[in-house]
Amino acid sequence: MPGEEIDRPNPQPLPSQIDDHVLQLAVKLDKEKLDESTYTGLQEFRRAANYIAAAMIFLKDNVLLERDLQFEDIKPRLLGHWGTCPGLTLVYSHLNLLATQQKKDIIFVVGPGHGAPGILSSLWLEGSLGKFYPEYSRNKEGLHKLITKFSTPGGFPSHINAETPGAIHEGGELGYALSVAFGAVMDKPDLIVACVVGDGESESGPTATAWHAAKYIDPQESGAVLPIVHVNGFKISERTIYGCMDDKEMVTLFTGYGYQCRFVEDLEDIDADMCRSMKWALAEIHKIQRAARSGKPIMKPRWPVLIMRTPKGWGAPKKVHGQFIEGSFRAHQVPLMAAKSDPSELKQLQEWLESYKPDELFTKDGGVVKAILDIIPADESKRLGQQIDTYGSHEVLKIPDWKNYGVKKGGQASCMQTIGELLDQVLVDNPKSMRVFSPDELVSNKLDAVFNHTGRNFQWDEFSNARGGRVIEILSEHTCQGMLQGYTLTGRTGLFPSYESFLGIIHTMMVQYSKFNKMARETTWRKDISSLNYLETSTWTRQEHNGFSHQNPSFIGAVLNLKPSAARVYLPPDANTFLSTLAHCLRSTNYVNLMVGSKQPQPVFLSPEEADNHCRAGASVWKFASTDDGLNPDVVIVGIGAELTFEVVEAAAMLRKLSPDLRVRVVNVTDLLILKHEGGHPHALSHEDFDALFTADCPIHFNYHGYGDEIKGLLFGRPSLSRVSVAAYSEEGSTTTPLDMMLRNGVSRYHVVEAAIRGAAKRNEKVRLDMHETLGGIRHDLAKVQEYIMKNGEDPSGTYDTPSFDGTGSKHRDVGYAD
């Protein structure tokens, strides 16, 4: 593998230009001698865990070295990552000791995701694998299966995932561990989350911002995160940034972040160093919490952080074929890649595994010696792999009757302002199990009613400190997403409201979470969790004043690409349907819910009772806007999305005047995934139901909020698709007016009218007879509207009045446009 050449292992960082006095900021502790039994237990736990971890990468047989290794004992494909494992097993052994001695509830969040061998080996030693997977019990058969099946079909993967007991973080993508850890401790005052952050992972943007998440932890109501930065110096083929920073640079960095920095780096007595460092960290956490819980919170408390410096791939062969392994990037993955074919590498593997002295660690039946068992909590619920918060603590929300917040049909209301009142009450009724995670946009998104009874939880701000706010607002979508995940996976419910155009920032985070949740659903022991709830507003249709950069509905497609068992996308057309949708999503479990809606006042088309029926069905014929209640139509026009549906309804009103002989059925779809082909999604309409709603043979025109290919993809597999046309957002935008945004993207009322006339003309001779003349008039009106907008900088008066169906058509159609 290509990489930089180093002339020595474990190269130290070059000295910085910072004055030496800053080293006083680093925490110094008196040396502490461990009692012999504790020392022995820690040492033997680590030796056993490291032995198993290394064996998992290499061995398909002879797992306890009961004879010399042969090529036949080596797996045909060597997969896994050794480099981070020794550091992870070091931390794991000491967290177990801490849980044993201080009876603490501890979750271990692991940032270096490919360190699965170190975590799985530790879970096997403490008996947690065997609890959830009897075939991996703590005996010879269980050990054989763990080692031989790792990273093979049917075995555990090389990264931590939902199949890993105790895990609440998918390790496949780096950068999110720290924010997940902070979300997990919120509203759990007795919980400690120890989070190992790899020095490679620390180079990611999401990790950089997540260090500030401590500023959103109120120690009166929440637990604490103990971050452990694992500085082993190398990535896959290069040194890390942190690995090239000296102690002065590191201590000033983390002091500035708001932490007390303790270096754990005494390799000659690493267990004593780690033990006293963890005890100090826990004491600091308790001091901060006691002050807050006694009513005298420490303003800007300095939380502890441990900087753990250990060699990359600690314990691996020093050199292979003359090249440094331990203490270099070559230890990142598999240190002896040719062990199955090269006699010298096989010999080095034998020597490496024997250095752990497995015969001293495992009993004849494959169990482990007493010294190891003594540092594992006797109370199984305190073991890292069996913390109930990681797999079975879901709290069901109390949701008030949303109809009490309904608005009157026929008026106009902002969807966001309306649901803000409901959200306010949900936060009141669920003071320890519901939070809002928002990237600094709640007021802009007209959701400020949530502040009627709560506030923000920014603890560094004197105006928010220690006030129990239920809203986390930080201008980092990554940090909001990570905290939402941690909060959700430990049993609570959150909501992530955002500008539509910027939700895509966390696209891959959402996908990684969905993968985690998919695997969680396939285990037998992980219980239900609340859905991940996204509220997408400030949509492209009304971001015309902010310009093209703020116009992007692509997150819809990201959710549509998830497994059907997870994906839910809702586009409620008015305030009452949005209330119904929000109440449903907050009650739901195991999904990724995306709700898309307008923050500007929109017509209220449906009463609360009608909205309830409409949302249950996912779509319905809007008889009030259809001719003859929608019977025997010539064409079906479909609105999906609040503003796009308004244009459809406005078009239906215009058609009453322009083409009285045209029979139109107006349909609104609020649950997007009902359109999926039969059997393609749990919500998909059967072909019979689809035809009942959209007819079996009429032309259908969709006016859709997102990208057109999304509708086409959903409909693929339905019969008779040649009759379907789709208008949607087409990447046209600018700083302009709301109606002009519709005109530019071909989804305005004029475009819908033209599509309806062209479709109806295929079935209705009277419509076809006048089509050319009628369309000419429509195009003339469209041009005049565009001319008016460019001249006056605003839409014509009455453009967004509620359409009338009294036979006169839409009100603004009678506005005279200057020639």
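Everything quoted here is computed from the prediction, not taken from an experiment.

Of regular secondary structure, the chain possesses 23 helices and 20 strands. The C-alpha atoms of the chain give a radius of gyration of 31 Å, which matches the 28 Å a tight globule of 819 residues would have. Taken along the three principal axes of its C-alpha coordinates, the chain extends 95 × 60 × 50 Å. Summarising the internal contacts of the chain: among those between residues at least 6 apart in sequence, 78% fall at separations of at least 24. Looking at the chain as shown, the accessible area adds up to about 29800 Å², and 50% of this sits on carbon and sulfur atoms. Both charge centroids of the chain, one from 86 positive and one from 103 negative side chains, sit 3 Å from each other.

So, about the side chain of Arg-46. Along the chain, the position of Arg-46 falls in helix α1 (residues 36-58). Residues contacting Arg-46, with those up to four places away along its chain left out, are Thr-89, Leu-90, Ser-93, Ile-270, Asp-271 and Trp-314.

Right, let's talk about the sheet that holds strand β3 (residues 224-231) for a bit. Reading across the sheet, the 5 strands line up as β1-β2-β3-β5-β4 and stay open at both edges, with parallel pairing between neighbours. Only two strands of the sheet have a single partner each, and these edge strands are β1 (105-110) and β4 (259-264). Each strand axis lies, on average, 20° off the axis of its neighbour in the sheet, ignoring direction. In the sheet, β3 pairs with strand β5 (residues 303-309) via 4 bridges, with the strands oriented parallel. Bridge pairing in β5 links His-230 to Met-308. Packed onto the sheet, helix α2 (residues 85-102) meets β1, β2 (191-198), β3 and β5 and runs at close to 170° relative to β1.

Okay, the environment of Gln-543 next. With respect to the helices and strands, Gln-543 occurs in the loop between β12 (532-537) and α15 (555-560). For Gln-543, a relative accessible area of 0% translates into the label buried. In this structure, the C-alpha to C-alpha distance between Gln-543 and Met-741, residues 198 residues apart in sequence, is 8.9 Å. Each residue touching Gln-543, except ones within four places of it in the same chain, is listed here: Tyr-499, Ser-538, His-550, Gln-551 and Lys-599.

For any pair of aromatic rings, geometry is given as the distance between the ring centres together with the angle between the planes. For the structure shown, the criterion picks out 33 aromatic pairs. Aromatic pair Phe-58 and Trp-352: ring centres 5.9 Å apart, planes at 80°, arrangement edge-to-face. Of the two residues, Phe-58 sits in helix α1 while Trp-352 sits in helix α10 (residues 343-354), which places them 294 residues apart along the sequence. Per residue, the accessibility class of Phe-58 equals that of Trp-352, and both read buried. Aromatic pair Tyr-534 and Phe-555: ring centres 5.2 Å apart, planes at 75°, arrangement edge-to-face.

Next up on the list: unusual backbone geometry. One non-glycine residue, Asn-62, lies in positive phi territory at about 60°. Turning to its location among the elements, Asn-62 is positioned in the loop between α1 and α2. Judged by its relative accessible area of 5%, Asn-62 falls in the buried class. With a phi angle near 55°, Asp-628 is a residue other than glycine that sits in the positive phi range.

The subject of this paragraph is the state of the cysteines. Summed over the entire model, instances satisfying the criterion amount to 0 disulfides. A disulfide-free cysteine, Cys-480 has its sulfur positioned 17 Å from the sulfur of Cys-195, the nearest such atom. What makes Cys-480 buried here is its relative accessible area of 0%.

Cut-off values and rules
Each residue is numbered by its place in its chain's sequence as written, counting from 1. Only residues with pLDDT of at least 70 get local features here, since the model is predicted, and only at 80 or more are side-chain atom pairs given and counted; chain-wide, interface and lining totals rely on the full set of residues. With hydrogens and water excluded, all non-hydrogen atoms of the structure serve as input to the side-chain values. Strands are runs of DSSP state E lasting at least two residues, helices are runs of H or I lasting at least four, and both sets are numbered from the N terminus onward. This radius of gyration counts C-alpha atoms alone. The globule rule is 2.2 Å times how many residues there are, raised to the power 0.38. Every residue pair with non-hydrogen atoms within 4.5 Å of one another is taken to be in contact. Using the Shrake-Rupley algorithm and a 1.4 Å probe, accessible areas are obtained, with residue cover drawn only from the displayed protein chains. Charge counting follows a simple rule: Lys and Arg are positive, Asp and Glu are negative, and His as well as the terminal groups are ignored. Throughout, a charge is located at the NZ atom of Lys, the CZ atom of Arg, the CG atom of Asp or the CD atom of Glu. For two strands to be treated as a pair, DSSP must find no fewer than two bridges joining them. Lines fitted to the C-alpha atoms define the axes, with helices restricted to the stretch that makes contact. Angles between their N-to-C directions range from 0 to 180 degrees. Exposure categories follow from relative accessible area, calculated using a 1.4 Å probe and restricted to protein chains: below 20% of the type maximum is buried, above 50% is exposed, and the middle band is partly exposed. Pairing of aromatic rings covers Phe, Tyr and the six-membered ring of Trp, with a centre-to-centre limit of 6.5 Å; geometry is then stacked below 30 degrees between planes, edge-to-face above 60, and tilted otherwise. Disulfide: a pair of cysteine sulfur atoms within 2.5 Å of each other.

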